[in-house]
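Letter by letter, the chains look like this.
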Amino acid sequence: MAAEAAFDDTIHAPLRLRICGVLRHLEEIDFAVLRDTLGTTDATLSKHLRVLLDADYISMTKSPSPNRADARRLTWIRQTRTGRQAFDAHMEELRRIAAGLSTTSADPP
Amino acid sequence: MENNASAEPTARPSSIQAQRLLHDLESDRAALAERLAAPGWLYPLVALIVAGYVATPAVRSSEPRNAVVGGLIVGTIVVLIAYQRLSGVRVGRIRVRAGAVLTALLVVTLVLLSTSYGLVASLSAWWVLAPASACFVVVLFGGRWFDRLYREDLGHGR
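In this report, the structure presented in the accompanying data block is examined. (Residues numbered from 1 in each chain as written. Chains lettered and ligands numbered in written order. Predicted model: local features only at pLDDT ≥ 70, side-chain atom pairs only at ≥ 80, totals over all residues. Heavy atoms only, no water.)

**Structural notes on the sheet that holds strand β2 (residues 58-64) of chain A**
Thinking step 1. In space, the four strands of this open sheet follow the order β2(A)-β3(A)-β1(A)-β1(B), with antiparallel pairing throughout. The outermost strands of the open sheet, each flanked by one partner alone, are β2 of chain A together with β1 (89-91) of chain B. Strand-to-strand twist in this sheet, taken as the mean axis angle between neighbours without regard to direction, amounts to 20°.
Thinking step 2. Pairing of β2(A) with strand β3 (residues 73-79) of chain A involves seven bridges; the strand directions are antiparallel. Bridging from a neighbouring strand, S59(A) pairs with R78(A) of β3(A).
Thinking step 3. Its contacts with the sheet put helix α3 (residues 31-38) of chain A on β1 (26-30) and β3 of chain A together with β1 of chain B, and the angle it makes with β1(A) is roughly 90°. (Pairing = 2+ DSSP bridges. Helix = DSSP H or I, 4+ residues; strand = E, 2+ residues; numbered from the N terminus. Axes fitted to C-alpha atoms, helices over the stretch in contact; angles between N-to-C directions. Contact = heavy atoms within 4.5 Å.)

This is the structure we're talking about:
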C-alpha cells in the first residue's frame, strides 16, 4: 500500500534524501560505506546525519572493527521507523511532483 | 552543491527536478547493489559448511555428531557475521523471489540430509559423500542465485 504523500523539509536536502534512500533498503550500514556509496566527505556526511539524528529519522551505534588493531570502531547507521515512514511519504510526494500530479511543486499552474 | 546542513524549509522542486532526484536515488541503489556483490570465498565456504552438515550422519555416535553439528552451526554464524562486518552492510528485508530461493535451498538441504541418514543406515557411511557433494553444488549455485536476486531487488528499490 503506497504511503500518504507528504513533503518533508528535513529529508528533502539532496544528500539527506540520498542517505535515506540508501538506508531504506538495508538494516544497517557502516559510516565509511555510506560515505563511499554517496561519494561525499566525512565532515559533510556527519553534518547531515546529525540533522537526521536530531529528527529521530536515524539511529547510530558503534561496534569494534575487525579491520583495525587500534580502538577505532565502526559506526552503524540505521533508519528508524519514523524515518522510514517520513521517507516513504516524501517519496510518494516526489513521484507525484515528477508525474505532474502535485499542487505543491515549483511548476507553474 | 550540498550546503544545507540544517532542517530549514526548502523550495519545492519542479517536476523535472523531482525526476532528477528520483533518478539519483535509483543510481545510488544500483551502486549499492553493485557494492554488495558477495566476495568469491563466501558461497563456497557456506556450501562447504552446509555439505558438512549433510555428511554428519556418517558420524555414528550421537555425541560427537552433535558436537560437529553444533560446530558447523557456529561456523555458519561466524562466517555471516564476519561478512557483515567486512562488507559494512547488514542486509534488509528479503523479497519474495530471493526468499523463495532461500527456502528451496533449506528444503533441498533437509532432503539431502535425510538421504544421508538413509544411505548410512542401508549401505555404509562413505555413501554420504554423494548427497554431501550434491548439497555443495546446490548451495554454491543456489547461494549465488539468491545473491543476484537480492541485489536485483535492492537495485530496483523493491
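**Details of the environment of L112(B)**
All names here are of chain B.
Thinking step 1. Mapped onto the elements, L112 comes out in helix α4 (residues 96-122).
Thinking step 2. Judged by relative accessible area, L112 falls into the buried class, the value being 14%.
Thinking step 3. Residues L112 and S133, spaced 21 residues apart in sequence, show a C-alpha to C-alpha distance of 9.8 Å.
Thinking step 4. Setting aside its immediate chain neighbours within four residues, L112 contacts V54, P131, A134 and C135. (Buried < 20%, exposed > 50% of the residue type's maximum accessible area, 1.4 Å probe, protein only.)

So far we have only geometry, and geometry alone does not tell us how the molecule works.
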